[in-house]
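Summary of the model geometry
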Amino acid sequence: MIVAGDIGGTKTHLALFDWKKDRVDPIRLESFHSADYASLEDMLTEFLVPPKPPTSIDEWATDKKDDAGPEPEHSAEKSPKIESACFGIAGPVIQNRCQATNLPWMVDGATLAKQFDIPRVKLLNDLEAMAYGILLLRPDEVEILNAGTPPKHNQALALIAAGTGLGESILFWNGSRYQPMPSEGGHTDFAPNNDDEIELLRHLRGHYLHVSYERVLSGPGLHAIYDYVRDSKKNEPTWLSEQIKAGDPAAVIAEAGLKGQPDIAKQALDLFASIYGAEAGNLALKGMTLNGVYLGGGIAPKLLAKLKDGTFMKSFTNKGRYKRLMNSIPVKVVMNQKTALLGAASVAASLSHTPAAV
């Protein structure tokens, strides 16, 4: 039995798999609100040893403090024997330890292994885990933005994922298989491409000392772009302002933008898609990822209609003399929202076939 986890600043998905060789569905999958827990250890304890509900009214009424006898065997299910575990986490993983970027958690693989008696525990950057996952996706789990004309021999792949933050990864071909490379590319400097984006940068510099691509290409980034358009155009309708204040700003803006009403929401979405395409193209050039670029994360599937209208690909291919090369690169949207969990599970499964560390 193996455990896999996808740890995000908002939600964490944990799953048990009986994974031997090929991809399988989880035996049990649960989602948790990350901020409700002081540590991953607390969350894992709840996940691995779930309390068994009482089976009678008498058990509900039992006061365990007054019971001097041993703990009844049915008070909790026995924890399954775990052979290996792998967790993808948003943040830099150094020597199997990670200070989470959007959580006050320090996650240590050695500590987890000792506390839960798991022989092999590996931590991955969340995009590294997702990169392993895209290698296992079925054709019906992606949407094609650009079919391209990839070379017959294996070249590198790229993964870029906008969600709560922005993650990036490159998968290079090592001669026998694809090897994902972790990255913190989402925190590189935002580079505007036109006058409108220059003004957007000026607007963001009034709020942040460092304006990264994550400040633009993320849920909060879409909200920031909208605020810039709103402040520039001065034509925000009251009903939209109230909805943004009452709900999830990025979701409200995206929904309005996809409907094309009001115009400032549509303009914000146009700007977001254009910058997303430009940075995806930058990543493709840096890694010469001629075999494809994948868009992961939670935002791309929700904005699929927008990504398919040409705005994204226009910016993706707008690389001067390299436009023809960019047109040849396949671009796909990852529709399976458990891809990072799938990737972590595949790594845990491979660990279960290796000797445990002494």
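Now for a quick tour of the structure. No experiment lies behind these values; they were computed from the predicted model shown.

**Comments concerning helix 5 (residues 195–205)**
- Within helix 5, the full set of buried residues consists of Glu-197, Leu-200, Leu-201, His-203 and Leu-204. Looking straight down helix 5, one finds that the buried residues subtend no more than 160° of arc, so they occupy a single side. In helix 5, the exposed residues that point more than 90 degrees away from the buried face are Asp-195, Arg-202 and Arg-205.
- On its buried face, helix 5 is in contact with helix 6 (219–233) and helix 9 (263–287).
- For helix 5, the side-chain oxygen to backbone nitrogen distance between the N-cap and Asp-196 is 3.2 Å, and the N-cap itself is Asn-194.

**Concerning the nonpolar core**
- Leu-295, Phe-312 and Phe-316 are the most contacted members of the largest nonpolar core, which has 54 residues in total.
- Top contributing element to this core by residue count: helix 9, with eleven residues.
- Among the nonpolar cores identified, the runner-up in size contains 31 residues, and Cys-86, Leu-137, Ala-345 and Ala-349 belong to it.

**Here's the deal with the environment of Thr-188**
- With respect to the helices, strands and loops of the structure, Thr-188 is situated in the loop between strand 12 (178–181) and helix 5.
- Of the residues examined, Thr-188 reaches a relative accessible area of 33% and is grouped as partly exposed.
- C-alpha of Thr-188 to C-alpha of His-210: the two residues are 22 residues apart in sequence and 9.2 Å apart in space.
- With residues up to four places along the chain from it excluded, the contact list for Thr-188 reads His-210, Val-211, Ser-212, Tyr-213 and Glu-279.

**Section: the sheet that holds strand 7 (residues 106–108)**
- The strand order across the open sheet formed by three strands is 5-6-7, and the pairing between neighbours is antiparallel. The open sheet terminates on both sides in strands that have one partner only, identified here as strand 5 (93–94) and strand 7.

**Examining helix 14 (residues 339–351)**
- For helix 14, with 13 residues, the first-to-last C-alpha span of 19 Å sits near the 18 Å given by 1.5 Å per residue.
- In terms of residue burial, helix 14 counts as a mostly covered element, since twelve of its 13 residues are buried.
- Within helix 14, the full set of buried residues consists of Thr-339, Ala-340, Leu-341, Leu-342, Gly-343, Ala-344, Ala-345, Ser-346, Val-347, Ala-348, Ala-349 and Leu-351.

**Some remarks on the packing of helix 6 against helix 8 (residues 249–259)**
- Between helix 6 and helix 8, whose axes approach to 8 Å, the crossing angle comes to 60°. By the angle class used here, helix 6 and helix 8 are oblique. Once helix 6 is placed against helix 8, the crossing between them reads as left-handed. Contacts between helix 6 and helix 8 involve Gly-219, Leu-222, His-223 and Tyr-226 from the former and Pro-249, Ala-250, Ile-253 and Ala-254 from the latter.
- Class assignment of the residues belonging to the contact of helix 6 with helix 8 gives a composition of six nonpolar, two polar and no charged.

**Some points on the environment of Pro-104**
- One can find Pro-104 in the loop between strand 6 (97–99) and strand 7.
- Note on Pro-104: relative accessible area 73%, which makes it exposed.
- Taking the C-alpha atoms as reference points, Pro-104 and Ala-35, separated by 69 residues in sequence, lie 8.7 Å from one another.

**Regarding the sheet that holds strand 12**
- In space, the six strands of this open sheet follow the order 9-14-13-10-11-12, with mixed pairing throughout. The open sheet has two edge strands, strand 9 (142–146) and strand 12, and neither has a second partner. Neighbour-to-neighbour, the strand axes of the sheet open up by a mean angle of 25°, direction not taken into account.
- Judged from the four bridges that link them, strand 11 (residues 166–173) and strand 12 form a sheet pairing that is antiparallel. The residue bridging Ile-170 from the neighbouring strand is Met-181, located in strand 12.

**Topic: the packing of aromatic side chains**
- Taken as a whole, this structure holds eight aromatic pairs when the rule is applied.
- Both rings, one in Trp-173 and one in Tyr-178, keep their centres 4.9 Å apart while their planes meet at 70°; by these two values the pair is edge-to-face.
- Of the residues examined, Tyr-178 reaches a relative accessible area of 11% and is grouped as buried.
- Through a chain of ring-to-ring contacts, three or more aromatic side chains come together here, namely Phe-272, Tyr-276, Phe-312 and Phe-316.
- Above the face of the Phe-47 ring, Arg-28 is positioned so that its terminal group lies 4.3 Å from the ring centre.

**Re the environment of Ala-162**
- Mapped onto the elements of the fold, Ala-162 is located in strand 10 (residues 157–162).
- For the pair formed by Ala-162 and Ala-300, sequence separation is 138 residues and the distance between their alpha carbons is 7.2 Å.
- Leave out the neighbours within four places in its chain, and Ala-162 touches Leu-217, Ser-218, Tyr-276, Gly-296, Gly-297, Gly-298 and Ile-299.

Cut-offs applied
- Residues numbered from 1 in each chain as written.
- Predicted model: local features only at pLDDT ≥ 70, side-chain atom pairs only at ≥ 80, totals over all residues.
- Heavy atoms only, no water.
- Buried < 20%, exposed > 50% of the residue type's maximum accessible area, 1.4 Å probe, protein only.
- Helix = DSSP H or I, 4+ residues; strand = E, 2+ residues; numbered from the N terminus.
- Arc of directions from axis to C-beta.
- Contact = heavy atoms within 4.5 Å.
- Polar contact = N/O pair within 3.5 Å; in protein donor to acceptor, adjacent residues only side chain to side chain.
- Core = buried A, V, L, I, M, F, W, Y, C linked by side-chain atoms within 4.5 Å.
- Pairing = 2+ DSSP bridges.
- Expected span 1.5 Å × (residues − 1).
- Axes fitted to C-alpha atoms, helices over the stretch in contact; angles between N-to-C directions.
- Parallel < 35°, antiparallel > 145°, perpendicular 65-115°, else oblique.
- Left-handed = near helix turned anticlockwise from the far one by under 90°.
- Nonpolar A, V, L, I, M, F, W, Y, C, P; charged D, E, K, R; others polar.
- Phe/Tyr/Trp six-rings, centres within 6.5 Å; stacked < 30°, edge-to-face > 60°.
- Lys NZ or Arg CZ within 6 Å of the ring centre and 35° of its normal.

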